[in-house]
Amino acid sequence: MRRRRITGDVQAAATELGYIFTFLLGVMLMTMFSVWAWDIETNTRLRWNQEAIQANMDDIAAAVERADEASRLGNVSYAEEVMWRPTEADESLFWVELTDTEVILMDEGGPLDMEVPISGTGRGVHEGLIPLAGVDRIWVIYEDGVTSIGLDRPTTVE
């Protein structure tokens, strides 16, 4: 009968520890990569939202300037439809307000508040406050000495 003696194999244990540490290093690198990729995607989405909202606000301000220009022509009415570009932001928390000197976007739930200055050189006053929940177009209207923003298409007055 043959007897075997148990001996401590240090090389096998070192190899096994090397496998474990290599696996853990791979898990750590994959975790870091996924956090990095998520951060890039989140920042890109935020930047695209900001750019789309800025373009939307610039379009509204330009339409208000054109309405003011029409108001200086005399007894006229003016209406212009401005298309609202969709964003990934929660637009149910957005409000747009028109004042005599600026178009203001109020974001009740985040960092997307902004103001776009306008010249305010029209003959009338500026007014309007509209929610942007589900909106795809905004109307800029000059009528009876008032430049306003609204969601409904103006009716023609004869």
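Since we're looking at a predicted model, the values are computed, not measured.

A. A look at the sheet that holds strand β8 (residues 146-150). Here we have 4 strands laid out as an open sheet, ordered β1-β7-β8-β5, and mixed in their pairing. What marks the edges here is a single partner per strand, and that holds for β1 (78-83) and β5 (125-127). Put simply, the sheet's adjacent strands are angled 15 degrees from each other on average, direction ignored. The pairing of β5 with β8 spans 3 bridges and is parallel. Across the sheet, residue Glu127 finds its bridge partner in β8, namely Ser148. Its contacts with the sheet place helix α1 (residues 10-71) against β1, β5, β7 (137-143) and β8, and it is angled at close to 170 degrees to β1.

B. Local environment of the pattern of salt bridges. Taken as a whole and judged by the stated rule, the model has 6 salt bridges. In this structure, Arg45 and Glu88 form a salt bridge, with 2.5 Å as the shortest nitrogen-oxygen distance. One end of the pair, Arg45, is in helix α1; the other, Glu88, is in the loop between β1 and β2 (94-98), and 43 residues separate them in sequence. The exposure class assigned to Arg45 is partly exposed, which follows from its relative accessible area of 33%. The salt bridge involving Glu51 is made with Arg47; its shortest N-O contact spans 3.8 Å.

What counts and how
- Residues numbered from 1 in each chain as written.
- Predicted model: local features only at pLDDT ≥ 70, side-chain atom pairs only at ≥ 80, totals over all residues.
- Heavy atoms only, no water.
- Pairing = 2+ DSSP bridges.
- Helix = DSSP H or I, 4+ residues; strand = E, 2+ residues; numbered from the N terminus.
- Axes fitted to C-alpha atoms, helices over the stretch in contact; angles between N-to-C directions.
- Contact = heavy atoms within 4.5 Å.
- Salt bridge = Lys/Arg side-chain N within 4 Å of Asp/Glu carboxyl O.
- Buried < 20%, exposed > 50% of the residue type's maximum accessible area, 1.4 Å probe, protein only.

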